[in-house]
Amino acid sequence: MSAPNGVAAFLFDVDGVLRVWDGSQVEAIERLYGVEPGTLTAVAYHPDRFGPALLGRITDQDWRAAVAAAMVPICGDVGKAIDCVADWSARHGHIDPDVLDVITGLRTEGFTVGLIANATDRLRFDLVELEVAEKVDTIIDSAHEGVAKPDAGIFLRAAEILEARPQACLYVGARPEHVAGAERIGMKGHLYDGVEGLRTMLERLPAK
């Protein structure tokens, strides 16, 4: 891989790029507890419930407790609701080995690589469990920073942590609005469309 001109640091989205979730697992949990498909996601990620956890105003544990409480009338039993949310919470997703290989290659070539995520304060625990926390230089998340993508604040903070000017950072994101947010502060952006597209983009960057 050629060294890209003007890029000193790379920033990768966690979910949708490095970490992959299996939606069938949630469906299986919902079937097990007699819950209509899509209910857990709708309850858990309702903005009034998830928003405070996303920005670090409440802990991940508090958020999941609130999800369990909201599931009680749906499940019809407190114990059942708690067990349902516990099973749902036990998932950590899995790491795409091909994307991790790209990240490892960039670090081997001497580039700084960080991960960025809109996530609760559980993210770093998840990444330790998935054995990738030590395979990047830094982790930036909305719960610790108090600001979420696509807000410019989290990208500016990421550049500061990476010790690079925004113009010297390349962000790989899974959502167009997040890529646009990074580009608004001067970062180069790549909308992730699979690992082959990622590798092609990196190979096409001008060499130093």
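Up top you'll find the structure we're talking about.
Below: a short report on this structure.

So, how was this worked out
Residues numbered from 1 in each chain as written. Predicted model: local features only at pLDDT ≥ 70, side-chain atom pairs only at ≥ 80, totals over all residues. Heavy atoms only, no water. Helix = DSSP H or I, 4+ residues; strand = E, 2+ residues; numbered from the N terminus. Rg over C-alpha atoms; globule rule 2.2 N^0.38 Å. Contact = heavy atoms within 4.5 Å. Areas by Shrake-Rupley, 256 points an atom, 1.4 Å probe, with all protein chains shown as cover. Lys, Arg positive; Asp, Glu negative; His and termini not counted. Charge placed at Lys NZ, Arg CZ, Asp CG, Glu CD. Buried < 20%, exposed > 50% of the residue type's maximum accessible area, 1.4 Å probe, protein only. Arc of directions from axis to C-beta. Salt bridge = Lys/Arg side-chain N within 4 Å of Asp/Glu carboxyl O. Core = buried A, V, L, I, M, F, W, Y, C linked by side-chain atoms within 4.5 Å. Phe/Tyr/Trp six-rings, centres within 6.5 Å; stacked < 30°, edge-to-face > 60°. Pairing = 2+ DSSP bridges. Axes fitted to C-alpha atoms, helices over the stretch in contact; angles between N-to-C directions.

### As for the overall build of the protein chain
The helix and strand inventory of the protein chain stands at 11 helices and seven strands. In terms of C-alpha radius of gyration, the protein chain reaches 18 Å, essentially the compact-globule figure of 17 Å for 208 residues. Projected onto its principal axes, the C-alpha coordinates of the protein chain cover approximately 60 × 30 × 25 Å. Long-range pairs, those at least 24 residues apart, make up 66% of the contacts in the protein chain between residues at least 6 apart in sequence. Of the accessible surface of the protein chain, which amounts to about 9900 Å², a share of 51% is contributed by carbon and sulfur atoms. Within the protein chain, one finds 20 positive and 32 negative side-chain charges whose respective centroids are separated by 4 Å.

### Looking at helix α3 (residues 47-54)
An α-helical segment advances 3.6 residues per turn. Residues three or four places apart therefore align on the same side. For α3, every residue scored as buried is listed here: F50, A53 and L54. All buried residues of α3 lie within an arc of 100 degrees about the axis, which places them on one face of the element. Seen from the open side of α3, the exposed residues pointing more than 90 degrees away from its buried face are P47 and D48. Buried residues along α3 sit against α2 (39-44), α4 (60-75) and α8 (142-145). Immediately beyond the C-terminal end of α3, within one or two residues, lies G56, with a positive phi of roughly 75 degrees.

### With respect to the pattern of salt bridges
A full pass over the atoms with the stated rule returns 12 salt bridges. Across the pair E145 and R157 runs a salt bridge whose closest N-O atoms are separated by 3.1 Å. Residue E145 is found in helix α8, and its partner R157 is found in helix α9 (residues 152-162); the two are separated by 12 residues along the sequence. On the accessibility criterion, R157 (31% relative accessible area) is partly exposed. A salt bridge links E160 to R157; the nearest nitrogen and oxygen atoms lie 3.2 Å apart. Residue E160 and its partner R157 are located together in helix α9, separated by three residues, close to a single helical turn. Given a relative accessible area of 53%, E160 falls into the exposed group. Ionic contacts of the salt-bridge type, sharing partners, join the residues D15, R19, R122 and D126 into one network.

### A closer look at the nonpolar core
Ranked by size, the top nonpolar core spans 32 residues in total, and within it F10 and F12 carry the most contacts. Among the secondary structure elements, those contributing two or more residues to this core are β1 (9-13), α6 (97-108), β4 (112-117), α7 (123-129), β6 (169-173) and α11 (195-204). Counting 20 residues, the second-largest nonpolar core is a separate cluster that includes I29, A53, C84 and A148.

### Some points on the packing of aromatic side chains
Evaluation of the coordinates by the stated rule reveals seven aromatic pairs. A ring pair is formed by Y45 and W63, whose centres lie 5.6 Å apart and whose planes are at 55 degrees; its orientation type is tilted. Here W63 lies in helix α4 and Y45 lies in the loop between α2 and α3, a separation of 18 residues in the sequence. Relative accessible area serves as the criterion here: at 41%, Y45 is assigned to the partly exposed category.

### Describing the sheet that holds β1
The strand order β5-β4-β1-β6-β7 describes an open sheet built from five strands, whose pairing is parallel. Each edge of the open sheet is held by one strand with a lone partner, namely β5 (138-141) and β7 (188-191). Each strand axis lies, on average, 20 degrees off the axis of its neighbour in the sheet, ignoring direction. Two elements, β1 and β4, share five bridges in a ladder whose sense is parallel. Bridge pairing in β4 links L11 to G114. Against the sheet, helix α10 (residues 176-184) touches β1, β6 and β7, its axis set at about 170 degrees to β7.

Any functional reading would require information beyond the geometric quantities listed.
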